Amino acid sequence: MVEIISLEGTEDTPKILLDAKRGVFEISGRSLPEDAMDFYEPVVEWFESHRGSLKDIKVHFKLEYINSASTKACVDVLKTLESIPQAQVIWVYFDEDIEDLGKQFARLVKLPFEITRGEY
């Protein structure tokens, strides 16, 4: 089981840091990878494999831009989080489109969702 996922963001892919020991769970930046499902699969698998040891976590999404393929992949991540006790999502938006997307995601999943404005 992989303990930590730490990927530096690029122009097309978000920074991802999943570290259960430090309690850091963040996806940030721009998300428009060529194959979004393939890119986000390790994130889904990481949460699935750590499901038994995670509880009361806050997953921060700080996306500046997200393409339509990534939205489906993010829904998969959010659906996986539903199986983690007391998991919460902190959705940080920088413009109205991302705010609206966060509201749509909040309606799709059974998770506490905090939607908050971020600063660049």
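Data block above holds the structure.
Criteria and cut-off values
- Residues numbered from 1 in each chain as written.
- Predicted model: local features only at pLDDT ≥ 70, side-chain atom pairs only at ≥ 80, totals over all residues.
- Heavy atoms only, no water.
- Helix = DSSP H or I, 4+ residues; strand = E, 2+ residues; numbered from the N terminus.
- Rg over C-alpha atoms; globule rule 2.2 N^0.38 Å.
- Buried < 20%, exposed > 50% of the residue type's maximum accessible area, 1.4 Å probe, protein only.
- Contact = heavy atoms within 4.5 Å.
- Areas by Shrake-Rupley, 256 points an atom, 1.4 Å probe, with all protein chains shown as cover.
- Lys, Arg positive; Asp, Glu negative; His and termini not counted.
- Charge placed at Lys NZ, Arg CZ, Asp CG, Glu CD.
- Expected span 1.5 Å × (residues − 1).
- Arc of directions from axis to C-beta.
- Polar contact = N/O pair within 3.5 Å; in protein donor to acceptor, adjacent residues only side chain to side chain.

Draft legend 1. Local environment of the overall build of the protein. Along its length, the protein carries three helices and six strands. Here the C-alpha atoms of the protein give a radius of gyration of 13 Å, agreeing with the 14 Å that 2.2 N^0.38 yields for 120 residues. Along the longest, intermediate and shortest principal axes, the C-alpha atoms of the protein span 35 × 30 × 25 Å. Residues counted as buried form 45% of the 120 residues belonging to the protein. When contacts within the protein are restricted to residue pairs at least 6 apart in sequence, those whose partners lie at least 24 apart make up 64%. Surface accessibility of the protein: about 6800 Å² in total, with carbon and sulfur atoms responsible for 47%. Side chains of the protein give 14 positive and 23 negative charges; the mean places of these two sets differ by 8 Å.

Draft legend 2. Here's a closer look at helix α3 (residues 96-108). For α3, with 13 residues, the first-to-last C-alpha span of 19 Å sits near the 18 Å given by 1.5 Å per residue. If you check which residues of α3 are buried, you get Ile98, Glu99, Leu101, Gly102 and Phe105. Angular distribution of buried residues about the axis of α3 spans 160°; they occupy a single face of the element. In α3, the exposed positions that point more than 90 degrees away from the buried face belong to Glu96, Asp97 and Arg107. Its buried side turned inward, α3 meets β4 (58-66), α2 (68-81), β5 (88-93) and β6 (113-117). Put simply, aspartate 95 is the residue that caps the front of α3, since its side-chain oxygen is 3.0 Å from the backbone nitrogen of aspartate 97.

Draft legend 3. Region of interest: the side chain of threonine 80. With respect to the element layout, threonine 80 can be found in helix α2. Here threonine 80 falls in the buried class, since its relative accessible area comes to 9%. Not counting residues within four places of it along the chain, the set of residues in contact with threonine 80 comprises Val44, Phe47 and Glu48.

Draft legend 4. The arrangement of the environment of histidine 50 in detail. Looking at the secondary structure, you find histidine 50 in helix α1 (residues 36-50). Each C-alpha atom, one on histidine 50 and one on valine 2, is 9.1 Å from the other, the two residues being 48 residues apart in sequence. Residues within four places of histidine 50 in sequence aside, it is in contact with Met1, Val2 and Glu3. Here tryptophan 46 takes part through its backbone oxygen, which lies 2.9 Å from a polar atom of the side chain of histidine 50.

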